[in-house]
Amino acid sequence: MALSVQNFIKLANMYNQMTMLMSAICVQKGGIALENYAGRFFMADVLEYIYEYGRRLMAADKKSVPANVAAVIEKFGQQYQQVKDLTTPTQKPIYEMTLEEFERIMNI
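This report concerns the structure included in the present document. (Residues numbered from 1 in each chain as written. Predicted model: local features only at pLDDT ≥ 70, side-chain atom pairs only at ≥ 80, totals over all residues. Heavy atoms only, no water.)

## What about the nonpolar core?
Okay, step 1: Residues Phe8, Tyr15, Ile50, Val65, Val69, Ile73 and Phe76 are the most contacted members of the largest nonpolar core, which totals 21 residues.
Okay, step 2: Among the elements of the structure, helix H1 (5–28), helix H2 (40–60) and helix H3 (67–83) are those that each provide at least two residues to this core.
Okay, step 3: By residue number, the principal contributor to this core is H1, which donates eight residues.
Okay, step 4: Leaving out residues up to four positions away in the same chain, Val65 has contacts with Val5, Leu57, Met58, Ala70 and Ile73. (Core = buried A, V, L, I, M, F, W, Y, C linked by side-chain atoms within 4.5 Å. Buried < 20%, exposed > 50% of the residue type's maximum accessible area, 1.4 Å probe, protein only. Helix = DSSP H or I, 4+ residues; strand = E, 2+ residues; numbered from the N terminus. Contact = heavy atoms within 4.5 Å.)

Quick look at the structure:
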């Protein structure tokens with residue numbers, strides 16, 4: 001996926017929809033706390049990916065990133081700092097893997 005503001009916005013929207021869905025699931029399961037929901041680890045991994053995408057987008061061409069998108073990237077960075085201990089540990093972050101490395105790790 002080529003780095004672009006449009007792709008980042010799509011990823012950010014998807015993440016926001018997933019957080020709403022995660023809240024709804026917690027309510028449906030009897031009002032469990034988000035801290036006790038098993039999906040929080042997956043959400044931390046997704047947030048790590050999206051934040052890294054945004055960070056690389058800013059590093060590639062900061063002038064092409066609108067101020068409101070830069071603010072969202074910063075917000076995701078702050079959220080990521082709060083949950084980075086929940087991310088899946090790997091020898092190499094998933095966003096730095098080649099497709100072949102990812103397939104090998106996932107046994108695809």
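There is more to say after this.
## Focus: the side chain of Glu48
Okay, step 1: By the element assignment, Glu48 lies in helix H2.
Okay, step 2: Salt bridges are absent for the buried Glu48, whose nearest opposite-charge side chain, Lys84, sits at 9.3 Å.
Okay, step 3: Every residue in contact with Glu48, bar those within four places of it in the chain, is listed here: Tyr80, Thr87 and Tyr95. (Lys, Arg positive; Asp, Glu negative; His and termini not counted. Salt bridge = Lys/Arg side-chain N within 4 Å of Asp/Glu carboxyl O.)

## A word on the packing of aromatic side chains
Okay, step 1: Summed over all chains, the structure comprises three aromatic pairs.
Okay, step 2: Ring geometry for Tyr15 and Phe76: centres 5.4 Å apart, planes at 75°, overall edge-to-face. Placement of Tyr15 in helix H1 and of Phe76 in helix H3 is noted, with a sequence separation of 61 residues between them. Neither residue differs from the other here; Tyr15 and Phe76 are each classed as buried.
Okay, step 3: Relative to Tyr80, the ring of Tyr51 has its centre 5.9 Å away and its plane inclined at 25°; by these criteria the two rings are stacked. With Tyr51 in helix H2 and Tyr80 in helix H3, the pair connects residues that are 29 residues apart, well separated along the chain. (Phe/Tyr/Trp six-rings, centres within 6.5 Å; stacked < 30°, edge-to-face > 60°.)

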